[in-house]
Amino acid sequence: MLIRKLMEEDLPAVLEIEQQVYPFPWSRQIFTDTIESGALLVVVEDGQRVKGYAVLSTGGGEAQLFNIAVSPDSQGRGLGRELLQWLIEQAKQQQAEMLFLEVRLSNQVAQLLYLDMGFNEIGLRKRYYRCNGGGREDALIYALQLQSENYFNLS
Ligand SMILES: CC(C)(COP(=O)(O)OP(=O)(O)OC[C@H]1O[C@@H](n2cnc3c(N)ncnc32)[C@H](O)[C@@H]1OP(=O)(O)O)[C@@H](O)C(=O)NCCC(=O)NCCS
């Protein structure tokens with residue numbers, strides 16, 4: 001598996017996965033706006049097909065994971081974990097001290113992954129996500145501390 005920067009040619013495959021895994025998928029415009037905003041968009045591929053992707057934004061000593069998804073037929077094989085580990089290293093290299101993300105309250109699979117990777121639940125946004133049928137669902141906010149010994153490092 002190879003993790004690399006997303007290229008424009010990857011967008012159709014990414015959009016196809018996005019539509020398969022989310023009830024309210026990002027549009028092509030949201031992806032291109034996100035690229036223009038300076039966020040890092042990466043894909044994981046097996047040499048032939050894009051299997052997953054993620055969107056990470058860093059700045060001001062913080063990182064935000066805006067999106068992470070694996071194609072339904074490739075889920076449960078370690079790709080999400082591999083991608084997230086790669087992004088954590090990337091955020092550390094960018095000197096981010098914390099990595100934040102939001103996740104639907106009902107998304108237990110993703111939450112198990114985040115908890116297993118060392119994230120802590122730090123808050124809740126009430127009625128943050130839209131739901132099919134018109135309702136709203138809370139978002140949990142997770143955070144991972146990336147650098148713990150920076151505060152007294154004067155070198
Ligand atoms: C969340 C997601 C990215 C995880 O990717 P994945 O490749 O399926 O996950 P992995 O195979 O790396 O599994 C990592 C961990 O997730 C959890 N997990 C994965 N699939 C699971 C399942 N079917 N049931 C329960 N836990 C599961 C487990 O903790 C697993 O660790 P383990 O294999 O040591 O038990 C993927 O399920 C996905 O794309 N979901 C839809 C989009 C989404 O919800 N994104 C997150 C938005 S916040």
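About the criteria used
- Each chain carries its own residue numbering, running from 1 in the direction its sequence is written.
- In view of the model being predicted, local features appear only for residues whose pLDDT reaches at least 70, and side-chain atom pairs are presented and counted only at 80 or more, with totals across whole chains, interfaces and linings using the full set of residues.
- Numbering goes from the N terminus for both helices and strands, where a helix is a DSSP run of H or I of at least four residues and a strand is a run of E of at least two.
- Radius of gyration means the value over C-alpha atoms here, while the globule rule gives 2.2 Å times the residue count to the 0.38 power.
- Once C-beta atoms are placed from the backbone, each residue is buried if 20 or more other C-beta atoms lie within 10 Å of its own, exposed if 12 or fewer, and partly exposed for counts between those two.
- Here, nearness is defined through the C-beta atom: a residue counts as near a molecule or strand if that backbone-placed atom lies within 6 Å of it.
- Residues are grouped as follows: Ala, Val, Leu, Ile, Met, Phe, Trp, Tyr, Cys and Pro are nonpolar; Asp, Glu, Lys and Arg are charged; every other residue, Gly included, is polar.
- An expected span of 1.5 Å times one less than the residue number is assigned to each helix.
- The term nonpolar core refers to a set of buried Ala, Val, Leu, Ile, Met, Phe, Trp, Tyr and Cys residues connected through C-beta atoms within 7 Å.
- Throughout, a pair of residues is in contact if the C-beta atoms placed from their backbones lie within 7 Å.
- Whether two strands pair comes down to DSSP finding at least two bridges between them.
- Axes here mean lines fitted to C-alpha atoms, for a helix over just the part in contact, with angles spanning 0 to 180 degrees between N-to-C directions.

Any chance you could break down the overall build of the protein for me, citing the residues and the numbers?
When its secondary structure is counted, the protein shows four helices and seven strands. Reading the helices (α) and strands (β) of the protein from amino to carboxyl end gives β-α-α-β-β-β-α-β-α-β-β. For the protein, the C-alpha radius of gyration of 16 Å lies close to 15 Å, the compact-globule estimate for 155 residues. Its C-alpha atoms give the protein principal-axis dimensions of roughly 50 × 40 × 30 Å. Classification of the 155 residues of the protein by burial places 25% in the buried group.

A description of the site of the ligand should follow, citing residues and the corresponding values.
In the neighbourhood of the ligand, 18 residues make up the surrounding shell, with Gln75, Gly80, Arg81, Leu112 and Leu113 lying closest. Every element with two or more residues in the shell around the ligand is listed here: β4 (62-70), α3 (79-93) and α4 (108-116). If you tally residues by element for the shell around the ligand, the top one is α4, at five residues. Here the shell around the ligand is built from residues that sort into 10 nonpolar, five polar and three charged.

So, α3: which residues are in play, and what are the values?
Under the 1.5 Å per step criterion, the end-to-end length of α3 is 21 Å for 15 residues, consistent within 8% with the ideal 21 Å. The first or second residue beyond α3 is Gln95, which carries a positive phi of 65 degrees.

Summarise the nonpolar core; cite the residues concerned and give the values.
Counting 33 residues, the largest nonpolar core has Tyr53, Ala54, Leu87, Ala91 and Leu99 as the members making the most contacts within it. Where this core is concerned, the elements lending two or more residues are α1 (11-21), β2 (40-45), β3 (50-59), β4, α3, β5 (98-104) and β7 (136-145). Once residues lying within four places of it in the same chain are set aside, the contact partners of Leu99 are Ala63, Leu65, Ile88, Ala91, Ala143, Leu144 and Leu146.

An account of the sheet that holds strand β6 (residues 120-130) is needed here, citing residue identities and associated values.
Judged by pairing direction, the sheet is mixed, and its seven strands sit side by side in the order β1-β2-β3-β4-β5-β7-β6 without closing on themselves. Two strands bound the open sheet, and with one partner strand each, they are β1 (2-5) and β6. Strand after strand, the sheet turns through a mean of 25 degrees between neighbouring axes, direction not considered. Of the pairings in the sheet, the one linking β6 to β7 comprises seven bridges and is antiparallel in character. Paired with Asn120 across the bridge in β7 is Ala143. Of the strands in this sheet, β2, β3 and β4 touch α1, which is tilted by about 90 degrees from β3.

Residues and numbers for the pairing of β5, please.
Along β5, the buried face is formed by Leu99, Leu101 and Val103; none of Met98, Phe100, Glu102 and Arg104, which line the opposite face, is buried. Direction of pairing for β4 relative to β5: parallel, over a ladder of four bridges. Bridge assignment links Ala63 to a residue of β5, and that residue is Leu99. Relative to β7, β5 runs antiparallel, the two being bridged by seven bridges. Paired with Arg104 across the strands is Ala139, a residue of β7.

Would you mind going over unusual backbone geometry in detail, with residue names and values included?
Despite not being glycine, Gln95 has its phi angle at roughly 65 degrees, a positive value. Considering the arrangement of structural elements, one finds Gln95 in the loop between α3 and β5. Unlike most non-glycine residues, Arg127 shows phi in positive territory, near 50 degrees. Position of Arg127 among the secondary structure elements: in strand β6. Of the residues examined, Arg127 has 11 C-beta atoms within 10 Å and is grouped as exposed.

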